[in-house]
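# Reading the structure
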Amino acid sequence: MPAFCLGFFACGGTAIQPGTPTEVAEKAGSAYASAGHVCQLKGEVAYCDMSGSGLPLLIGYDDKRRELVFVSIVDTEALFTRPCTAMPDVAHPSWIVVKCNAIEQADKTKKVVMSIIGGGKMPSEGMTPGEVIRNARLFVDEAERYVLRLKASQSEKASQSEKAKL
């Protein structure tokens, strides 16, 4: 299966070394794009798969902590018809952080969304593109499972509410 690199990202097989947030995000986004995803660098963040049916993936780098950071955004009002702050607390692994954040949309309006955040330490010798892809995929898979648990929790609460009405 051929790898496609999209946008301005260059294909390459070298390790992604610790560096500036922009350098690392660009190289990590390039690695993820080589696996068939669409990524675009904006500032210090690679925005990947932003217009698909699955969850979007944002890739950044914390140069102080030397951590690759993955973030997925969920519009809880659109998906669950309730604000982020009213969402139930459902189980997630300790390496995942879930919080509500205000974002600015393309039309300059602000919206509060759920941010699912994970990542990990980048070794001094860096990570291969394959390691970045595997880590990103693990994160996205867990973020998707988290959203499924949220849906199940909401369905369960709706069912209990209906039973209480009877």
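Everything below is about the structure shown above.
Residues numbered from 1 in each chain as written. Predicted model: local features only at pLDDT ≥ 70, side-chain atom pairs only at ≥ 80, totals over all residues. Heavy atoms only, no water.

### Points about helix α1 (residues 21–33)
- Over its 13 residues, α1 runs 18 Å from end to end, which matches the ideal 18 Å to within 8%, given 1.5 Å per residue.
- Pro 21, Val 24, Ala 25, Ala 28, Gly 29, Ser 30, Ala 31, Tyr 32 and Ala 33 are the residues of α1 that are buried. (Helix = DSSP H or I, 4+ residues; strand = E, 2+ residues; numbered from the N terminus. Expected span 1.5 Å × (residues − 1). Buried < 20%, exposed > 50% of the residue type's maximum accessible area, 1.4 Å probe, protein only.)

### Quick notes on the sheet that holds strand β6 (residues 110–121)
- Overall, antiparallel pairing links the six strands, which are arranged β1-β2-β3-β4-β6-β5 in an open sheet. Each edge of the open sheet carries a strand with a single partner, namely β1 (39–42) and β5 (97–104). Taken pair by pair, the neighbouring strands of this sheet meet at an average axis angle of 30°, ignoring direction.
- Where α1 meets the sheet, its contacts fall on β1, β2 (45–48), β3 (57–62) and β4 (67–74), and the angle it forms with β3 comes to roughly 145°. (Pairing = 2+ DSSP bridges. Axes fitted to C-alpha atoms, helices over the stretch in contact; angles between N-to-C directions. Contact = heavy atoms within 4.5 Å.)

### So, the nonpolar core
- Among the nonpolar cores identified, the biggest contains 35 residues, and Tyr 32, Leu 57, Ile 59, Leu 68, Met 114, Ile 116 and Phe 139 are the most heavily contacted of them.
- Within the residue set of this core, elements represented by two or more residues are α1, β1, β2, β3, β4, β6 and α3 (129–165).
- For this core, the element with the most residues is α3, which contributes eight residues.
- Residue contacts for Met 114: discarding those within four places in its chain leaves Ser 72, Ile 73, Val 74, Thr 76, Cys 84, Met 87, Val 98, Lys 99, Tyr 146 and Leu 150. (Core = buried A, V, L, I, M, F, W, Y, C linked by side-chain atoms within 4.5 Å.)

### Re the state of the cysteines
- This structure, assessed with the given rule, holds two disulfides.
- For Cys 39, the disulfide goes to Cys 48, at an S-S distance of 2.1 Å. One disulfide, between Cys 39 and Cys 48, carries an S-S torsion of 110° and so falls in the right-handed class. Each member of the pair, Cys 39 together with Cys 48, is buried.
- Two residues, Cys 84 and Cys 100, share a disulfide whose sulfurs are 2.0 Å apart. Between Cys 84 and Cys 100, the disulfide has an S-S torsion of -90° and is therefore left-handed. Of this pair, Cys 84 sits in the loop between α2 (76–80) and β5 while Cys 100 sits in strand β5; the two residues are 16 residues apart in sequence, bridging distant segments of the chain.
- A relative accessible area of 5% places Cys 84 in the buried class.
- You can call Cys 100 partly exposed: its relative accessible area is 33%. (Disulfide = S-S within 2.5 Å.)

Note that every value here comes from positions in space, so none of it alone points to a role or purpose.
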